Amino acid sequence: QVQLVESGGGLVQPGGSLRLFCVASGFTFSSYSMSWYRQVPGKERELVASITGAGGVTNYADSVKGRFTISRDNAKNTVYLQMNNLKPEDTSIYYCNVRHRGTRYWGQGTQVTVSS
């Protein structure tokens, strides 16, 4: 079955960096686009970044352009989110996502807190 496991979150000061990891299993990883979303309590989950299966095309929310970079290693079934120049408004739970055969799958999420 499809499984997504995120890690790499934590507490960081404003201006700092974090790298999130999502290890996938249960499907042919290189054939699917992958995405990172984030959600704070009381708000809708929002798309942060996405990347195509071969990694050739990426898209970002306007709020993170120039600061976040999504990438993937298909040999390791892993998608990454490098987050630089973090801001307090980036505080959220970050989720890895794949749409596989019409069903959207989520990981358990990893908490990112940006605070001094």
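Sequence order as written defines the numbering, with residues in each chain counted from 1. In keeping with the predicted nature of the model, local features appear solely for residues at pLDDT of at least 70, side-chain atom pairs appear and are counted solely at 80 or more, and the whole-chain, interface and lining totals rest on all residues. Where side-chain values are given, they derive from all heavy atoms of the structure, hydrogens and water being excluded.

**A look at the overall build of the chain**
(1) Moving on: Helix and strand labels come from DSSP, where a helix needs a run of H or I of at least four residues and a strand needs a run of E of at least two; each type is numbered from the N terminus. On a plain count of helices and strands, the chain comes out with 0 helices and 11 strands.
(2) Moving on: Along the chain, helices (α) and strands (β) appear in the sequence β-β-β-β-β-β-β-β-β-β-β when read from the amino end.
(3) Moving on: For a compact globule the rule gives 2.2 Å times the number of residues to the power 0.38, and the radius of gyration it is set against comes from C-alpha atoms. For the chain, the C-alpha radius of gyration of 13 Å lies close to 13 Å, the compact-globule estimate for 116 residues.
(4) Moving on: A principal-axis box enclosing the C-alpha atoms of the chain has dimensions of 40 × 30 × 20 Å.
(5) Moving on: Note on classification: 1.4 Å probe, protein chains only; a residue is buried when its accessible area is under 20% of the maximum for its type, exposed when over 50%, partly exposed between these limits. Residues counted as buried form 41% of the 116 residues belonging to the chain.

**Focus on the side chain of Arg72**
(1) Moving on: Among the secondary structure elements, Arg72 is positioned in strand β7 (residues 68-73).
(2) Moving on: Asp73 provides the closest opposite charge to the buried, unpaired Arg72, separated from it by 8.3 Å.
(3) Moving on: Arg72 has contacts with Phe29, Ser30, Tyr32, Ser33, Met34, Ile51, Thr52, Gly53, Gly55, Thr78, Val79 and Tyr80, leaving out every residue within four places of it along the chain. Charge convention: Lys and Arg are scored as positive, Asp and Glu as negative, and His as well as the terminal groups of each chain are ignored. Any carboxyl oxygen of Asp or Glu within 4 Å of a side-chain nitrogen of Lys or Arg constitutes a salt bridge here. Contacts between residues were defined by any pair of non-hydrogen atoms, one from each residue, lying within 4.5 Å.

**Brief notes about the pairing of strand β1 (residues 3-7)**
(1) Moving on: Residues Leu4 and Glu6 of β1 are buried on one face, while the alternating residues Gln3, Val5 and Ser7, pointing to the opposite face, are not.
(2) Moving on: Should DSSP find at least two bridges between two strands, the strands are regarded as paired. Relative to strand β3 (residues 18-25), β1 is paired through 5 bridges, and the arrangement is antiparallel. Within β3, the position partnered with Ser7 by the bridge is Phe21.

**Some remarks on the sheet that holds β1**
(1) Moving on: On the basis of which strands lie adjacent, the open sheet formed by 4 strands has the order β1-β3-β8-β7 and antiparallel pairing. The open sheet has two free edges, formed respectively by β1 and β7, since each of these has just one partner strand. Across the sheet, the mean angle from the axis of one strand to that of its neighbour is 15°, orientation sign disregarded.
(2) Moving on: Direction of pairing for β7 relative to strand β8 (residues 78-83): antiparallel, over a ladder of 6 bridges. Within β8, the residue paired with Phe68 across the bridge is Met83. To obtain each axis, a line is fitted to C-alpha atoms, and for helices this fit is confined to the stretch in contact; angles are then taken between N-to-C directions over 0 to 180 degrees.

**Focus on the side chain of Asp90**
(1) Moving on: Inspection of the secondary structure puts Asp90 in the loop between β8 and β9 (92-100).
(2) Moving on: Whenever two N or O atoms come within 3.5 Å, that pair is a polar contact, provided that in protein one can donate a hydrogen and the other can accept it, and provided that, for residues adjacent in sequence, both atoms are side-chain atoms. A polar side-chain atom of Asp90 sits 2.9 Å from a polar atom in the side chain of Arg38.
(3) Moving on: Ignoring anything within four residues of it in the chain, the contact list for Asp90 reads Arg38, Arg67, Phe68, Asn85, Val112 and Val114.

**A closer look at the pattern of salt bridges**
(1) Moving on: Evaluation of the coordinates by the stated rule reveals 4 salt bridges.
(2) Moving on: Here the residues in one salt-bridge network are Arg38, Glu46, Arg67 and Asp90, joined through shared partners.

Geometry only, nothing functional implied.
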